[in-house]
Amino acid sequence: MKQFLEKVIAKESLTIGEMEEATRVMFHEQTSDTEIGAFLTGLQMKGEAAEEIAGLVNVIREKSLSFPTTLPGVIDNCGTGGDRSNSFNISTTSAFVMAGAGITVAKHGNRSITSKTGSADVLEHLGVSLSLDAEQIHQALKENDIAFLFAPHVHPALKRMMKVRQDLRVPTVFNYIGPLTNPVELTTQMLGINRRDMLERMANVLHQLGRKRALIVNGAGYMDEASLAGENHFVLLERGELMQFTLTPEEVGLPVYDNEQIMGGDAKQNAAILHSVLKGDKGAYRDTVLLNAGLGIFANGKAETIQDGVQQAKESIDSGAALDKLNYLVDYSNKVKQEV
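Residues numbered from 1 in each chain as written. Predicted model: local features only at pLDDT ≥ 70, side-chain atom pairs only at ≥ 80, totals over all residues. Heavy atoms only, no water.

### With respect to helix α11 (residues 267-279)
- Under the 1.5 Å per step criterion, the end-to-end length of α11 is 18 Å for 13 residues, consistent within 8% with the ideal 18 Å.
- Residues of α11 that are buried make contact with α5 (90-100), α6 (119-126), α12 (284-300), α13 (306-318) and α14 (321-339).
- Capping of α11 at its N-terminal end is provided by aspartate 266; its side-chain oxygen lies 3.2 Å from the backbone amide nitrogen of lysine 268.
- Just downstream of α11, glycine 280 is the residue with a positive phi angle, here 110°. (Helix = DSSP H or I, 4+ residues; strand = E, 2+ residues; numbered from the N terminus. Expected span 1.5 Å × (residues − 1). Contact = heavy atoms within 4.5 Å. Polar contact = N/O pair within 3.5 Å; in protein donor to acceptor, adjacent residues only side chain to side chain.)

Right under this line is the structure:
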């Protein structure tokens, strides 16, 4: 670890190969928590390069749950968290809407870390299993177009890193790589991040990770989701090319709401909000989901424009297809539990 630590302390960036080697060293039992902490802190102080982030993610995915086969056209719409907006579970609700529109969504997520309620908390409350194995997740993706991947379950090797992060108590690269480490082979991705200065860098990381198309968003109010409160900032990755643009809700025919109007609560409250949106209840929660699901459908390439994506999202909810995806996942979870 010493050679890599010296390099980052000297403000020199590692190549993707060097970062992969450094990450493997971090996972060695003989590497101390102090060395890992020093390396992560050094990276953070220098500023993590796209190659360093991609190298770290490559090794984490190597050590993750292995899936039987690759499915075509899979997307994830996970955000990094950390925006402290206390919003309801926007990306989780949007994932079911995207699946209802015919897109395969491998929804990667965790329990609450910086928010009141994480995706795992709300889905567990709704009856979705957090412990499906790789074959069961794969089956749900094939039959239902959506499955949930609980981060601690699919990344068992990261348990030690979590301890180091907790001991450090300062942000590190691990604060925003969660959405990148999905062990399912993704073709496209919608990634929300609360740091507007990192939009282009994260787009470059996704390009290095092999995404054909991706949309990186920083919402109005610096949310890690698109917001109806004002101007949202994006970078679109399309076959290696990057395009920056902004979008307001009015441009896609949606009303303006303050971010305070989409605040959530505990797992029970957020589960109720998610269910009400999928049932078709109107208001700020639904319209926020329409925007984010529409963007996800656009990111996947199923919609040629964001406005078309929003329309497909409306049809997914109003037809009952989005709610059917949730009900299937709950029923499938119950079936698996009974077979154990």
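### Observations regarding the pattern of salt bridges
- Under the definition given, this model contains 15 salt bridges.
- Residue glutamate 238 is joined to arginine 239 by a salt bridge in which the shortest nitrogen-to-oxygen separation is 3.9 Å.
- The class of glutamate 238 is partly exposed, set by a relative accessible area of 29%.
- The exposed category is assigned to arginine 239, whose relative accessible area is 70%. (Salt bridge = Lys/Arg side-chain N within 4 Å of Asp/Glu carboxyl O. Buried < 20%, exposed > 50% of the residue type's maximum accessible area, 1.4 Å probe, protein only.)

### Some remarks on the pairing of strand β5 (residues 213-218)
- The buried count for β5 comes to 6 of 6 residues, which makes it a mostly enclosed element.
- Note: strand β4 (residues 188-192) against β5, 5 bridges, orientation parallel. Bridge pairing in β5 places methionine 190 opposite leucine 215.
- With helix α10 (residues 199-208) bridging β4 and the parallel β5, this β-α-β connection has right-handed handedness. (Pairing = 2+ DSSP bridges. Right-handed = clockwise from strand over helix to strand, strands pointing away.)

### Some points on unusual backbone geometry
- With a phi angle near 60°, arginine 169 is a residue other than glycine that sits in the positive phi range.
- Along the chain, the position of arginine 169 falls in the loop between α9 (159-168) and β4.

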